[in-house]
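# Inside the fold
One letter stands for each residue in the lines below.
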Amino acid sequence: MKVLPSGAVFFILITAVVLAAALAWLVAALYQRRMLALMRGGAAPEQTAIMDAAPQAQVAQAPAWNSAVTFASNQRASTRLMLSLGGISLLIALSQAWLALLFVYNDRDFSLNRILVLGAVYAWPMVLAWGLARRWSWLRILGNIALYMLLMLAVVMLRSTAAQTLLSVSGWLFSQAIIPVSITLLIGASGRIRAVAPYLLPPTLLLTASSVLTLQVMAQRVQDPTSWVISLANIFGAYPTLLLFVLGPWLIMAWPVVQLGKWLARAYRAKFFSDLNYLIAVYWLLILFASALPGMEGVGPWTFVQLLPWLWLPLLLLALRDQLKPPAGPPTLLVLRVFQRDAQVELLFDQVIERWRLTGNTVLIAGTDLLSRTLDPDDLFVYLNGALSERFIANPAQLTERIASFDWQPDPDGRYRINECYCFDSTWQSAVHALVEHSAVVLMDLRGFRPENKGCRFELGVLAAASHLRRVVVLYDQATDRAVAESDIKANINPVAAGRIHWLPADRMDSAMAGRTLAALFSTAN
């Protein structure tokens, strides 16, 4: 008997994915609850000191902003990234097609034309990579994958023989994508778990594999069980003993799993990969594995040579690092918003901030509304280690240390990271002062703003008094009480800053609106 037949391997994959998704829902909910508890946990020990230390006026010089960093350069950076991801995906797919024809289909006389057609079919994850880079909704990603497969259907039918019918070709194309797409949907379709599940997948794969391997070994000894297994069954019963063999290996794997999590966090901090690199790498690996798995019954382990093209990802991303690197002297953007409007803020982040990150830094006050967009492996494993409270600012020294630790350098894919300040209810105002001081431009989302939003009114006063800001772009909609907001600005306005506050109507945040918002941010006042 095979130690791991194809059914067992498939079970490991599916179980690990489902377990990662379930744990991600739980971890995301607990993380959010913990953050809210810390934010609302009452006055920090040094509340008076930190509030007294808050500057009353901003006198910092404007941060360096390279004149080469413009809206046009941002668009070029976006094009470079999309072309790079597309090129890497095509190379992976063509390599997979060659290996599949050579080792799986055992076709030694294949033509270049056949490699190109099969490679084009295998390249459908390129659409997924573009969707991840541009933060498309999963509905849009699925729609574009469907359109891509329809195009491939036309290509394959043009190249097919008379024996191949439209139904058979459609079924084959459907089979190429349905399992990989289903697996990726489980761990990424919900924005709530997208930032968590992919990082939990490697540990759940290790744990699931250890359980299945143990059960496979025990199954081979079922006709001649050892005495200690019989003793366990007599003491605890059959089902508890079976459960012991399922979960027992997890105790052995606990140390490697913890070390793997720590390694991921360290590698992320060291910029070995970015959040986008990691997501695309995980999804491509899952897709290649799921695509190779059906061949296991026919050719055995040779089917997994189709995983080798995955290596193009780290190799080419490393080779393209200089080409993707943005111009020096990036501007720093401070993002302020009305809290408790999660859906609108998430869409703003997807449409505007993700594109801004290609050529500029971003700072903000951490909140649960952007948890699914800003949570990274470092944050995740800090929380799992029970050290999230250490991220919260409780005194002036910690505020200084936190800002000094900000990461201002681009990732390997050319995108800048989000820098956040975790604050108690009693310390966020000092953090706002400090973040304004270190920013060149501000995007303030005042959609839905009402007079009772006292936090936003405080922020408006700080922005109005800041003389060094190049631009403050304020988004508003029909629900915004603009009269109150303008009154708060007028009461605190610094004459030097007059004319730098730009109001932009944004009742609907679509692609056109996102473009106008970005253009306004890059259009600094003279």
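Look up: the structure comes first, before these words.
All values derive from a computational prediction rather than experimental measurement.

## Digging into the pattern of salt bridges
The full count for this structure, using the stated rule, is 20 salt bridges. Across the pair Arg-391 and Asp-378 runs a salt bridge, and its minimum N-O distance is 3.0 Å. Taken together, the positions of Arg-391 in the loop between helix 18 (377-384) and strand 3 (392-393) and Asp-378 in helix 18 put the pair 13 residues apart, joining distant regions of the chain. Overall, the relative accessible area of 18% leaves Arg-391 in the buried class. Ionic contacts of the salt-bridge type, sharing partners, join the residues Arg-135, Asp-275, Glu-346, Asp-350, Glu-354, Arg-357, Arg-373, Asp-413 and Arg-415 into one network.

## A short note on the packing of aromatic side chains
Enumeration over the complete set of coordinates arrives at 15 aromatic pairs. Residues Phe-289 and Phe-304 carry aromatic rings whose centres are separated by 5.2 Å and whose planes lie at 25° to one another, so their mutual orientation is stacked. Residue Phe-289 is located in helix 12 (residues 275-292), and its partner Phe-304 is located in the loop between helix 13 (296-299) and helix 14 (312-319); the two are separated by 15 residues in the primary sequence. Relative to Phe-458, the ring of Trp-428 has its centre 5.4 Å away and its plane inclined at 85°; by these criteria the two rings are edge-to-face. Taken together, the residues Trp-428 in helix 20 (residues 428-437) and Phe-458 in helix 21 (residues 454-465) connect sequence positions 30 residues apart. An aromatic cluster of three or more residues is present, and its members are Trp-65, Phe-71, Trp-356 and Phe-522. Taking NZ or CZ as reference, Arg-417 lies 3.7 Å from the ring centre of Tyr-268, over its face.

## What about the state of the cysteines?
The tally for this structure, following the rule as stated, stands at zero disulfides. Free cysteine Cys-421: the closest other cysteine sulfur is in Cys-423, separated by 5.3 Å. Cys-423 sits in the buried class, given a relative accessible area of 5%.

## Describing the sheet that holds strand 6 (residues 471-476)
Across the sheet, which stays open at both edges, the seven strands sit in the order 3-4-2-1-5-6-7 with parallel pairing between neighbours. Single-partner strands in this sheet number two, and they are strand 3 and strand 7 (501-505). Helix 19 (residues 396-404) contacts strand 3 and strand 4 (418-423) of the sheet and is inclined by roughly 165° relative to strand 4.

## Comments concerning a nonpolar patch on the surface
On the surface, a nonpolar cluster with roughly 340 Å² of combined accessible area is contributed by Phe-10, Phe-174, Ile-178 and Ile-179. A per-element tally of the nonpolar patch places helix 7 (residues 166-188) first, with three residues. The residue Ile-179 is located in helix 7 in this model. The partly exposed category is assigned to Ile-179, whose relative accessible area is 35%.

## As for the packing of helix 3 (residues 71-104) against helix 4 (residues 112-122)
In the contact formed by helix 3 and helix 4, the axes pass within 8 Å of each other and the chain directions differ by 120°. Classified by the angle their axes make, helix 3 and helix 4 are oblique. Our pair here, helix 3 against helix 4, has a crossing hand that is right-handed. Of helix 4, the residues touching helix 3 (which contributes Ala-93, Leu-94, Gln-96, Ala-97, Trp-98, Ala-100 and Leu-101) are Arg-114, Ile-115, Leu-116, Leu-118, Gly-119 and Tyr-122. For the contact of helix 3 with helix 4, the residue count by class is ten nonpolar, two polar and one charged.

## Examining the environment of Arg-33
Residue position: Arg-33 is located in helix 1 (residues 6-39). For the pair Arg-33 and Thr-368, spaced 335 residues apart in the sequence, the C-alpha separation amounts to 8.8 Å.

## With respect to helix 6 (residues 138-159)
Across its 22 residues, helix 6 extends 31 Å between first and last C-alpha, which sits within 8% of the 32 Å expected from 1.5 Å per residue. Burial in helix 6 covers these residues: Trp-138, Ile-141, Ile-145, Tyr-148, Met-149, Met-152, Leu-153 and Val-156. Projected down its long axis, helix 6 carries its buried residues within an arc of 160°, all on one side. Turned more than 90 degrees away from the buried face of helix 6 sit Leu-139, Leu-147, Leu-150 and Leu-158, all of them exposed. Buried residues along helix 6 sit against helix 4, helix 5 (125-134), helix 7 and helix 12.

## Some points on the packing of helix 3 against helix 12
Contact geometry of helix 3 with helix 12 gives a least axis separation of 13 Å together with a crossing angle of 20°. Classed by the angle they form, the pair helix 3 and helix 12 counts as roughly parallel. As for the relative orientation of helix 3 and helix 12, their crossing is right-handed in sense. Of helix 12, the residues touching helix 3 (which contributes Leu-81, Leu-85, Ser-89, Ile-92 and Gln-96) are Leu-276, Ile-280, Trp-284, Leu-288 and Ser-291. In terms of residue class, the contact of helix 3 with helix 12 is built from seven nonpolar, three polar and no charged.

## Things to note about the pairing of strand 2 (residues 361-365)
Strand 2 sits mainly inside the fold: five of its five residues count as buried. Side chains Asn-361, Val-363 and Ile-365 of strand 2 all project onto a buried face; the interleaved residues Thr-362 and Leu-364 project onto the opposite face, where all are buried too. Bridging between strand 1 (residues 332-337) and strand 2 involves four bridges; their strand directions are parallel. Bridge pairing in strand 2 links Val-335 to Leu-364. Summarising the sheet, strand 2 and strand 4 pair through four bridges and their orientation is parallel. Its bridge partner being in strand 4, Leu-364 is matched across the sheet by Glu-420.

Parameters and conventions
Going along each chain's sequence as written, the residues are numbered from 1 onward. The predicted nature of this model means local features are confined to residues of pLDDT at least 70 and side-chain atom pairs, given and counted, to a pLDDT of 80 or more, with totals for whole chains, interfaces and linings taken over all residues. Water and hydrogen atoms were dropped before computing side-chain values, which therefore reflect all heavy atoms in the structure. Should a side-chain nitrogen of Lys or Arg be within 4 Å of a carboxyl oxygen of Asp or Glu, the pair is scored as a salt bridge. Here a helix means four or more residues in a row that DSSP labels H or I, a strand means two or more in a row labelled E, and each is numbered from the N terminus. Summary of the burial criterion: residues with accessible area below 20% of their type's maximum are buried, those above 50% are exposed, and those between are partly exposed, where the area comes from a 1.4 Å probe applied to protein chains only. Between the rings of Phe, Tyr and Trp (Trp by its six-membered ring), a pair exists once the centres lie within 6.5 Å; its type follows the angle of the planes, with under 30 degrees stacked, over 60 edge-to-face, and the other angles tilted. The rule for a charge over a ring is simple: NZ of Lys or CZ of Arg within 6 Å of the ring centre, and within 35 degrees of the ring normal. When two cysteine sulfur atoms are found within 2.5 Å, that pair is recorded as a disulfide. The criterion for strand pairing is that DSSP finds at least two bridges linking the strands in question. Contact criterion: two residues are considered in contact whenever any of their non-hydrogen atoms come within 4.5 Å of each other. An axis is simply a line fitted to the C-alpha atoms; with a helix, the fit covers only the stretch in contact. Between two such axes, the angle follows the N-to-C directions and lies from 0 to 180 degrees. Within this analysis, patches are made of residues with over 30% relative accessible area and no salt bridge. Like charges are joined at 9 Å or less; nonpolar side chains (Val, Leu, Ile, Met, Phe, Trp, Tyr) at 5 Å or less. Residue exposure ignores everything except the shown protein chains as possible cover, and the areas themselves are Shrake-Rupley values with a 1.4 Å probe. These descriptions rest on fixed angle ranges, namely under 35 degrees for roughly parallel, over 145 for roughly antiparallel, 65 to 115 for roughly perpendicular, and the rest for oblique. Helix crossings are classified by the rotation of the near helix relative to the far one: an anticlockwise turn of less than a right angle makes the crossing left-handed, while a clockwise turn makes it right-handed. Residues were grouped as follows: Ala, Val, Leu, Ile, Met, Phe, Trp, Tyr, Cys and Pro as nonpolar; Asp, Glu, Lys and Arg as charged; and all remaining residues, including Gly, as polar. One less than the residue count of a helix, multiplied by 1.5 Å, gives the span that helix is expected to have. Our arc is simply the arc of the directions from the helix axis toward the C-beta atoms.

By themselves, these are just geometric observations and shouldn't be taken as functional.
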